[in-house]
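# Residue-level structure breakdown
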Amino acid sequence: MLRARPASTDTDDTGTEEQSSQRKSRKRRRVKSSAAVEASDQPLRRGRGKLRQLSTEIPLDVLFEIFSYLEPLDLLRMSRTTKRLRTLLMSKETTFVWERARLGMADLPPMIDGFSEPQYANLLFDSHCHNCLKTPIKYIQWQIRMRLCKECLEKGTIMATMDQLRPHGFTASFKSHQLLAITPYFGHSQKTVLISCYDVSTYERLVEESRALHHRSLQFRVWLAKKEQEHKAFVKSCEEYQNWVTSRTETRAAELDSLRRRRLKSIITRLKEDRWDEELELRSTMETLQGHALVKQPRDLTDRIWETIKPTLTELMSNLRADRKIQGAISERTRILERLGNTFLAAWPETPHNPPASSLCLYRPFSDIIKNTPPDEDATSKLKEALDSETVSSICVDWREEQEQCLTAMLRSKKGRSADLSLVVNAFTCVKCCETKGPILHYPHLSSHPCFYSTSPVGDTNVVVWSGKRINTLKRDVYSRCQSFVRMCGLDPDTATAEDMEGADVFFRCESCYARTWQPIAGMKPVRLMRWRTAMNHSEWHSIRKVTCVDDAELLALGRAEERAVLEDDLRRCGAFVCVHCDVAETSAAARADHLRSVHGIGGEPKAVDHYRRSLKYTHVHELSVEVRPRYARMKTSSLEGK
C-alpha cells in the first residue's frame, strides 16, 4: 500500500527546487582521467583490436581479395566478430565474396533457390539449431532446409506428426492423405519407434491451395500431378545435398584419422628411442596409448609438442610397465595355485560338488597372498602353507553356500513351489542345452554341468568360476512331469528326495521304444530299462504317458544284474569311480585294491556297488540305462494312465 508523503510546511518552493537539484547532482558523468587516456593509446595485449585494424586500415579491395580465399564457414565466423565486419559481409554489394568462397570448394552442390549466400553457408556448415540455437546439431533436415534439435522436432510447431497436424487442417479424409504424400517429411526415432514428422508450413500452403478443389475433380488431379512432380524433384535434390554432406563427413573423418595415425607413429618412434620397445609390443599397452588424450589428437607431432607431452607419456609407460609386472606375477601365482590345488583335491574326499582348483585364487587367504605379495618375491611357499584341509573345507562351504543362495532365490521366485533343494521336483535346466531338449538337473549334481562355468580374468590369465546365468527353473509342464514320476514310485512329490527315489529301486521303460523293438518271438529283441533320472529326461522326447514303471520281478532282477555287470566292466577299465566308504577317488585297479586293504581292511578284488560307485563328476546328468532280453512274450507294467 502506497503512503502519501506529508506536505512540508516549513519550506517554500525555492527550497524544494534546491533539494531536487542536489539529489540530481549526485549522479555524475564518469570522465576518464589523463592516465586512462594515455593508457588507451597503448596497444592492446595479446593481439586485441587487430580485427578493428583489419576492417578500418586495410583497403576494401585487398580485404575482399583475402576473403575470397576463405571458406564459407570462415566468412560466417568473421561476420560474427565485429559489427563493422558484419555490416560489410552481410551487404548485397559483397555477395561476390561469398560466391567466390563457395565456388572455391570442390563438388559443392548448387545454391538452393530462395537462399542468400550467408543463409546457404549457415545451413551447410554451421552446427546450431535454427530454432533455439542449441549446439552441436550434426544432421540437416533437408526437407525443410533447417537444422533442428530433437526438442524442437517434437514440439510440433515446425515439424509435426499426423496427430499434431490436426489443428492445421489434417483430417482422416482421403484428400488429406493425398496432400500428406506430397508434403516434405523427416523420420526420427522416439523410444525405439520411427516417427514421421511433416513440414507444417508446406502442408498449410497445400491445404490453402486445394481448398476450393474437390478431390475427385479434374482440376484437382491435374494440380496434384503437378505437385507430385515438384515433390519428386525436391526429394531428389535433398538426396544430392545429403550425399554431399555424407561424402564431406567421411573425407574429413579420414583426414583426421590419418593425422592421428601419423601422430601415433611419431610418438611410438620417439618412445622406442627412449627404450620402451618391450612395452610397445604388448597389445594392451598400444590400446591404452591410442586412447590417451595427448596421443589421439589430430595434429602433427613437433619437437616443441613432444617436449611438452614427454613427461606425461613417460609416466604413463612407467605405470604400464609396473602394472605389467604385477599382472604377470598374479597370473604366474594363479597357475601355481591351480597346479597345487589339483594335486591337493585329487586326494580330497569327493563330495557332491567341489570348486575348481583355479577358482581357489578368488578366496582368502589365497587372494591376499597372490595380490599383496611384491612382484619380485616368490609366493610358492606361502601358497603351500595356506593350502591345508581347514582352508579348503572353508572355501568349499562358502562356494556351496553361494550356489544354494542363487538356486534358492530362483525357486522362491516361482509361485507355489517350495525352496527345498533336496526335493526331486525342484530341478533345473540349462538355458543353452534347452535348445536341443537338454537334461533335467538336480542339486548338487548340476554343479558339474559344464555350461554353468565361465571364465573370469585374474591378472593376464583366466580362471574357471561357477555362474548361474544359464540356469533356469523347470517349466510348468516339466514340473508336472517330475511330480508324475514321483507318484509312479509310490512317493509324495512334496516330500520325496533323491535318496528316496534311489531307495525305491525302480526301473522305467518307454512304451514307444518298446513297441518298435518288441517281436512276438520271445528273446529276439532287447528291452531298455532306465533309472528315474534317465526316464525323466527320456520323457522329453516321448510322451510321459508312454513311460511306465516296471513291476515284473523277473525283469527287475535281470535289470539289476545287467546294471551291476556294466558297472563291474567300467570299474575294470579304470573308469571314474570313488570309494563308497570315504569318497576318495582312485584311478587304477591296483590303487583301488591297495586303498581298500590299507585304509578299510578289505581284501580281494574291488567290486562295484559294494566298494565303489560312479563319480558324481561324470554322472551328473543321467544314471545308467541297461538292455535286457526277457524270456517271455508279455511284460506286466503299471502305466501312468491308470494312476
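Preceding this section is the structure that the text describes.
It should be emphasised that the depicted structure is a prediction, and the values quoted were computed from it without experimental measurement. By convention here, each chain's residues receive numbers from 1 onward along its written sequence. Per-residue local features are limited, in this predicted model, to residues with pLDDT of at least 70; the limit for side-chain atom pairs, both in listing and counting, is 80 or more; totals at the level of whole chains, interfaces and linings are taken over all residues. Values reported for side chains reflect all heavy atoms of the structure, with hydrogen atoms and water molecules removed beforehand.

### Considerations on the pattern of salt bridges
The test is simple: Here a salt bridge means any side-chain nitrogen of Lys or Arg lying within 4 Å of a carboxyl oxygen belonging to Asp or Glu. What counts as a helix is a DSSP run of H or I of at least four residues, what counts as a strand is a run of E of at least two, and both are numbered from the N terminus. Exposed residues in this analysis have more than 50% of their type's maximum accessible area, buried residues have under 20%, and partly exposed residues fall in between, with area computed by a 1.4 Å probe over protein chains only.
Counted under the stated rule, the structure contains 21 salt bridges. Close ionic contact of Glu151 with Lys134 constitutes a salt bridge, the shortest N to O distance being 3.4 Å. Of this pair, Glu151 sits in helix H9 (residues 150–155) while Lys134 sits in the loop between helix H8 (117–125) and H9, placing them 17 residues apart in sequence. Overall, the relative accessible area of 42% leaves Glu151 in the partly exposed class. When the shortest N-O distance is used, the salt bridge between Glu278 and Arg324 registers 3.6 Å. Placement of Glu278 in helix H13 (residues 277–280) and of Arg324 in helix H15 (residues 303–346) is noted, with a sequence separation of 46 residues between them. The exposure class of Arg324 is partly exposed, given its relative accessible area of 26%. Look at the salt bridges and you will find they share partners, linking Arg205, Glu209, Lys227 and Glu230 into a network.

### Observations regarding the packing of aromatic side chains
Worth spelling out the cut-off: Think of it this way: a Phe, Tyr or Trp ring, Trp meaning its six-membered ring, pairs with another when their centres are within 6.5 Å, and the plane angle makes it stacked under 30 degrees, edge-to-face over 60, tilted otherwise.
Counted under the stated rule, the structure contains 6 aromatic pairs. Ring centres of Phe64 and Phe96 lie 5.5 Å apart, and the angle between their planes is 90°; this geometry places the pair in the edge-to-face category. With Phe64 in helix H4 (residues 60–67) and Phe96 in helix H7 (residues 95–103), this pair connects stretches of sequence that are 32 residues apart. Both rings, one in Phe125 and one in Trp244, keep their centres 6.2 Å apart while their planes meet at 85°; by these two values the pair is edge-to-face. Placement of Phe125 in helix H8 and of Trp244 in helix H12 (residues 218–273) is noted, with a sequence separation of 119 residues between them. Neither Phe125 nor Trp244 differs from the other in exposure class; each is buried.

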